[in-house]
Amino acid sequence: MNYQKVPLRAGLYFVGVPIGTARDITLRALDVLASADVLAAEDTRSLRRLMDIHGIPLESRPLVALHDHSKDGVTQRLLSAVAEGQSVAYASEAGMPLIADPGFELSRAAGEAGVMQTCAPGPSAILTALVLAGLPTDAFHFSGFLPNAKAARRGALDALREVPGTLVFYESAKRLAAMLSDARDTLGAERQAAVCRELTKKFEEVRRGTLAELADAYAGTSVKGEIVVLIDRNRSETVSQDGLEEDLSRALQSMSMRDAVDMVAKAHDVPRRQVYQMALSLSKG
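Residues numbered from 1 in each chain as written. Predicted model: local features only at pLDDT ≥ 70, side-chain atom pairs only at ≥ 80, totals over all residues. Heavy atoms only, no water.

Just checking my understanding: could you explain the packing of helix 9 (residues 241-252) against helix 11 (residues 272-284) for this structure?
For any two helices packed against each other, one specifies the crossing angle of their axes together with the interaxial distance. In contact at an axis separation of 10 Å, helix 9 and helix 11 are set at 65° when each is read in the N-to-C sense. Comparing their axes, helix 11 and helix 9 come out roughly perpendicular. Crossing geometry of helix 9 relative to helix 11 is assigned as right-handed. Of helix 11, the residues touching helix 9 (which contributes Gln241, Leu244, Glu245, Leu248, Ser249 and Leu252) are Gln274, Val275, Met278, Ala279 and Leu282. Residue classes in the contact of helix 9 with helix 11 are distributed as seven nonpolar, three polar and one charged. (Axes fitted to C-alpha atoms, helices over the stretch in contact; angles between N-to-C directions. Helix = DSSP H or I, 4+ residues; strand = E, 2+ residues; numbered from the N terminus. Parallel < 35°, antiparallel > 145°, perpendicular 65-115°, else oblique. Left-handed = near helix turned anticlockwise from the far one by under 90°. Contact = heavy atoms within 4.5 Å. Nonpolar A, V, L, I, M, F, W, Y, C, P; charged D, E, K, R; others polar.)

This is the structure:
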C-alpha cells in the first residue's frame, strides 16, 4: 500500500495526476485522494481508474463530476461541503488542475469565499515538453488551444509573433497539420519548433525542426494522442545586419573566431550559425 490516510482540515485540495504513466503520481497526491471527504474530477472515470491502479478505495465517499456543463451547480455544492467542515479534493483528467481545465472557476469561487486552498502538485505536459523540446526555457508563454477556424488561428499566432519566449500550445491530433502550416506561414518558416506527442506514454514521440520541416513532415499524415507544440521566440529582427557585423569585426580583432562568434551570438541573441557564417565571410574579405 503506497498511500496513507491522513487527517485533512476543511478546505479545497487540488491534486496533480499523471499525464500518462500512472506511477508518475506523488505520494502526497495519493494520500489526499485516500483521505479527502469528497472527491471531484473533470473525468470521474479516469480518476476511478487511477485510484484502482493504486489500490485506493472510494468507499462511501461522493465522487462528483466537474465539467463545463455542470460547474456552476457543482462548484456551489463543493464549497458548501467545505463550509460544513469537509475536505474536498479535485483532480483534472490529466496533469495539473486548472491548466486548460474547468477547475479554474472552482478555484476563483473558493478564493472569493475565503476557502482554504492548497495543491498537491504533480506532472505537467507543459513542463515535460519544455524539458524535451530542446528550446529555450528561460521564458515561455503558454497559449492553450488555438482557435479552430483558420483565420482566427492565424490571427492568434500573429498576435504572439514578438513574445520574447518559447511559445507553448496544446493541439489536437486532427488539427496538428493545419496548425503547423499556419504557424509556418504566420511566424516564419525558419523558426525552430518541436512536436511532443503522447508524453510519458508507450508511444512517446518528440520531433524537432524548423516550422517548415515539421509542417512538411505532418502534412497529409494522421497522428493520434495528446500533443504539445513548442515554437522558439522570434530571432530574425533582434539586430540590424550592419550592427551585428560591426560588433563581430571588433571582436575578431582581439579574439579567436570561436570566442568572437560565441560572444556576439549571445550578446545579440541570434543563432550561432548565423554569426559564424558572417565571420567566415569577413575572414575571406
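After that view, the rundown keeps rolling.
So what exactly am I meant to see when it comes to the sheet that holds strand 2 (residues 38-41) here?
The five strands lie next to each other as 3-2-4-1-5, forming an open sheet whose pairing is parallel. A strand with exactly one partner marks an edge of an open sheet, and here the two such strands are strand 3 (63-65) and strand 5 (117-120). Averaged over neighbouring strand pairs, the angle between their axes works out to 25° when direction is ignored. Note that strand 2 and strand 4 (residues 87-91) share four bridges and pair parallel. Along strand 4, the bridge assignment pairs alanine 40 with tyrosine 90. Against the sheet, helix 1 (residues 27-35) engages strand 1 (11-15), strand 2, strand 4 and strand 5, with an angle of about 125° to strand 5. (Pairing = 2+ DSSP bridges.)

Got a minute to help me understand helix 9 in this structure?
An α-helix turns once per 3.6 residues; consequently, residues spaced three or four apart project the same way. With 12 residues, helix 9 ought to run about 16 Å at 1.5 Å a step, and its terminal C-alpha atoms sit 16 Å apart, in line with that. Buried within helix 9 are the following residues: Gly243, Leu244, Leu248 and Ala251. One side of helix 9 carries all its buried residues, which in axial view fall inside an arc of 130°. Looking at the buried residues of helix 9, the elements they touch are helix 10 (257-268) and helix 11. (Expected span 1.5 Å × (residues − 1). Buried < 20%, exposed > 50% of the residue type's maximum accessible area, 1.4 Å probe, protein only. Arc of directions from axis to C-beta.)

Honestly, the sheet that holds strand 10 (residues 227-231) in this entry has me stumped. Any pointers?
Each strand in a sheet pairs with its neighbour through backbone hydrogen bonds, running either in the same direction (parallel) or in the opposite one (antiparallel). The sheet built from five strands is open, its strands ordered 6-7-10-8-9 with mixed pairing. Two strands bound the open sheet, and with one partner strand each, they are strand 6 (140-145) and strand 9 (205-210). Taken pair by pair, the neighbouring strands of this sheet meet at an average axis angle of 15°, ignoring direction.

Explain the side chain of glutamate 171 here, please?
For glutamate 171, the position within the fold is in strand 7 (residues 166-171). Taking the relative accessible area as the measure of exposure, glutamate 171 reaches 3% and is therefore buried. Only 3.2 Å separates the side chain of glutamate 171 from the side chain of arginine 175, close enough to count as a polar contact. When sequence neighbours within four positions are dropped, the list of residues in contact with glutamate 171 reads Phe145, Leu146, Leu176, Met179, Ile227 and Val229. (Polar contact = N/O pair within 3.5 Å; in protein donor to acceptor, adjacent residues only side chain to side chain.)

Just checking my understanding: could you explain the pairing of strand 8 (residues 192-197) for this structure?
Walk down a regular strand and you will see the side chains alternate between the two sheet faces. For strand 8, a buried count of five out of six residues is recorded, marking the element as mostly surrounded by other parts of the structure. Pairing analysis gives six bridges linking strand 8 to strand 9, with the strands arranged antiparallel. Each bridged residue has a counterpart across the sheet, and for valine 195 the counterpart in strand 9 is arginine 207. Relative to strand 10, strand 8 runs antiparallel, the two being bridged by five bridges. By the bridge assignment, alanine 193 is partnered in strand 10 with isoleucine 231.

Could you clarify how one ought to interpret the nonpolar core in this entry?
Nonpolar side chains in soluble globular proteins tend to be buried together. Counting 23 residues, the largest nonpolar core has Val15, Leu33, Leu39, Leu47, Ile56 and Ala89 as its most contacted members. At the level of secondary structure, the elements contributing two or more residues to this core comprise strand 1, helix 1, strand 2, helix 2 (44-53) and strand 4. Those residues in contact with alanine 89, other than ones at most four positions away along the chain, are Tyr13, Val15, Val32, Ala36, Val38, Leu39 and Ala40. Core analysis: the second largest hydrophobic core is formed by 21 residues, Val163, Val195, Val229 and Ile231 among them. (Core = buried A, V, L, I, M, F, W, Y, C linked by side-chain atoms within 4.5 Å.)

Any chance you could explain helix 10 here in plain terms?
The end-to-end C-alpha distance of helix 10, which contains 12 residues, comes to 16 Å, matching closely the 16 Å that a straight helix rising 1.5 Å per residue would cover. Among all positions of helix 10, only Ala260, Val261, Val264, Ala265 and His268 are buried. The buried residues of helix 10 all sit within an arc of 120° when viewed along its axis, so they share a single face. Opposite the buried face of helix 10, by more than 90 degrees, sit the exposed residues Arg258, Lys266 and Ala267. Residues of helix 10 that are buried in the fold lie against helix 9 and helix 11. Downstream of helix 10 by a residue or two, aspartate 269 has a phi angle that is positive, lying close to 55°.

Which parts of the structure should I look at to understand the pattern of salt bridges?
Once the charged atoms of two side chains with opposite charge are near each other, the side chains can pair. In this structure the tally under the stated criterion is 17 salt bridges. One salt bridge in this structure joins glutamate 205 and arginine 197, with 3.2 Å as the shortest N-O distance. You can call arginine 197 buried: its relative accessible area is 15%. One salt bridge in this structure joins arginine 250 and aspartate 247, with 3.2 Å as the shortest N-O distance. (Salt bridge = Lys/Arg side-chain N within 4 Å of Asp/Glu carboxyl O.)

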